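# A closer look at the structure
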Amino acid sequence: MLAQLIALDWGTTSLRAYKLTTGGQVLEQRSLSSGIMQLPGTPRMIAGQECTDGFELAFDEACGDWLDAQPDLPVIACGMVGSAQGWREAAYCDTPANVANLGTSLQTVRSLRGVDVHIVPGVIQRSRLPNVMRGEETQVLGVLQNLPAEAGGDLLIGLPGSHSKWVEVADGCIVQFDTFMTGEVFAVLSEHSILGRTQQKGASFDGQAFDRGVQVALSADGEIGPLSTLFSARSLGLTGELSATAQPDYLSGLLIGHELSALASVQRRRRNSVHLPSIVLIGNAQLCARYSRALDACGFARVTLAEQATERGLWQLAVAAGLITPNPSR
């Protein structure tokens, strides 16, 4: 089956490439560690000329052979590749942002191969404390495409990660979103703080330690905030109540618990209701499993996991941009 589109999810630390055919079906996919902050640096020949540009090198490594076989394949990319530090900056679109219409605002960069790479813009929420996303808007579109119209009225889309995003949508638009630096804070505390000195990575997930961290965040002790409760990851170890291998999962649960406790509070306030919205999670399966566990403890009863949101979103944006036709004649 012939491919119709090359789709790239190009972030800070990784580059995922997909070869797609009718309806966004994945024919082949690859994952490289060539994010925009760790691009390859070894020169090599591309299109008959020596190349030293890291973006060109990563692009060729990811899908050069696909383009050798089908030189006319259109290419679309989302993520940090469109940031100010990326290959070509794609200006943010303001909220409320109709995600399906982002395909009409693509930025283009011509590669050494003579192939245009179409870059998806990010989304900005302008306020006293501005908020931005790049890549998540494409995943949101991928989720919305597979939902019945009536399902979007009471929905929150969660994208756990280094910078977790919680996105409120209405009528196909991103209207508001919150960012929590939970994953990055966990990494910094584990690798560069006193909390990491007594931690030891366990062979498997310690659900009991994780749940304990979540419950501390949700308890009266947690009301004082994470800057106070975080020290318990050390003190419980010093008193022998938390083993070295349990401490990483306890810290993970503590941070995620604080994140979701704050999320629940802000959702109730914004909605002026005690009822919490349905959740759709997008991302790494193991991380989403942790969040599902903690969301249940926080009172979010309706949680589902979306798959292949990035690929579906990039396909839809390519259709909107006229790069491909959704149902080509055979």
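Residues numbered from 1 in each chain as written. Predicted model: local features only at pLDDT ≥ 70, side-chain atom pairs only at ≥ 80, totals over all residues. Heavy atoms only, no water.

### As for the nonpolar core
Core analysis: the biggest nonpolar cluster contains 34 residues, and Leu5, Ile76, Val140, Ile157, Val167, Val169 and Ile174 have the highest contact counts within it. Counting residues per element, this core draws most heavily on helix α9 (residues 309-320), at five residues. The contacts of isoleucine 157, once residues within four sequence positions are left out, are Val140, Val143, Leu144, Lys165, Trp166, Val167, Val169, Val280 and Ile282. Formed by 25 residues, the second largest nonpolar core is a distinct cluster that contains Trp10, Leu15, Leu32 and Ala62. (Core = buried A, V, L, I, M, F, W, Y, C linked by side-chain atoms within 4.5 Å. Buried < 20%, exposed > 50% of the residue type's maximum accessible area, 1.4 Å probe, protein only. Helix = DSSP H or I, 4+ residues; strand = E, 2+ residues; numbered from the N terminus. Contact = heavy atoms within 4.5 Å.)

### Looking at the packing of helix α7 (residues 247-271) against helix α8 (residues 285-297)
Look at α7 against α8: their axes get within 10 Å of each other, and the N-to-C directions meet at 55 degrees. In this view, α7 runs oblique relative to α8, as classed from their interaxial angle. Regarding α7 and α8, the two cross each other, and that crossing is right-handed. On the side of α7, the interface is formed by Asp249, Ser252, Ile256, Glu259 and Leu260, while α8 contributes Arg290, Tyr291, Ala294 and Leu295. Considered class by class, the residues forming the contact of α7 with α8 number five nonpolar, one polar and three charged. (Axes fitted to C-alpha atoms, helices over the stretch in contact; angles between N-to-C directions. Parallel < 35°, antiparallel > 145°, perpendicular 65-115°, else oblique. Left-handed = near helix turned anticlockwise from the far one by under 90°. Nonpolar A, V, L, I, M, F, W, Y, C, P; charged D, E, K, R; others polar.)

### A look at the pattern of salt bridges
Counted according to the given criterion, the structure contains 13 salt bridges. A salt bridge links arginine 270 to aspartate 178; the nearest nitrogen and oxygen atoms lie 2.9 Å apart. Pair noted here: arginine 270 is in helix α7 and aspartate 178 is in strand β15 (residues 173-180), with a separation of 92 residues, a long-range link. Three or more residues joined by partner-sharing salt bridges are found here, namely Lys19, Glu28, Arg30 and Asp65. (Salt bridge = Lys/Arg side-chain N within 4 Å of Asp/Glu carboxyl O.)

### Looking at the packing of helix α4 (residues 207-218) against α8
Between α4 and α8, the shortest axis-to-axis distance is 10 Å and the interhelical angle comes to 40 degrees. It follows that α4 is oblique to α8 by the angle criterion. As α4 runs across α8, the sense of the crossing is right-handed. Each of Gly207, Phe210, Asp211, Val214, Gln215 and Leu218 in α4 lies in contact with α8, whose residues at this interface are Arg290, Arg293, Ala294 and Ala297.

### A look at the sheet that holds strand β6 (residues 75-78)
Remark on secondary structure: sheet strands pair via backbone hydrogen bonds, oriented parallel or antiparallel. Read from one edge to the other, the open sheet built from six strands follows the order β3-β2-β1-β6-β10-β9, with strand pairing classed as mixed. With partners counted over all chains shown, the strands left at the sheet margins are β3 (25-32) and β9 (107-110), one partner each. If you compare each strand with its neighbour and ignore which way they point, the axes differ by 25 degrees on average. Two elements, β6 and strand β10 (residues 116-119), share three bridges in a ladder whose sense is parallel. Counted as the bridge partner of isoleucine 76 is histidine 118 from β10. (Pairing = 2+ DSSP bridges.)

### Focus: the packing of aromatic side chains
This structure, assessed with the given rule, holds six aromatic pairs. Each ring, one from tryptophan 10 and one from tryptophan 87, has its centre 5.9 Å from the other, and the planes form 70 degrees; the classification is edge-to-face. Separated by 77 residues along the polypeptide, tryptophan 10 in strand β1 (residues 5-10) and tryptophan 87 in the loop between β6 and β7 (93-94) bring together distant segments of the chain. The exposure class of tryptophan 87 is buried, given its relative accessible area of 13%. With 6.3 Å between their ring centres and 45 degrees between their planes, tryptophan 166 and tyrosine 291 make a pair best called tilted. You can see tryptophan 166 sitting in strand β14 (residues 164-170) and its partner tyrosine 291 sitting in helix α8, a full 125 residues away along the chain. Like tyrosine 291, tryptophan 166 is buried. In this structure an aromatic cluster arises from ring pairing among Trp10, Phe55, Phe59 and Trp87. The cationic tip of arginine 134 hangs over the ring face of tyrosine 92; the distance from NZ or CZ to the ring centre is 4.2 Å. (Phe/Tyr/Trp six-rings, centres within 6.5 Å; stacked < 30°, edge-to-face > 60°. Lys NZ or Arg CZ within 6 Å of the ring centre and 35° of its normal.)

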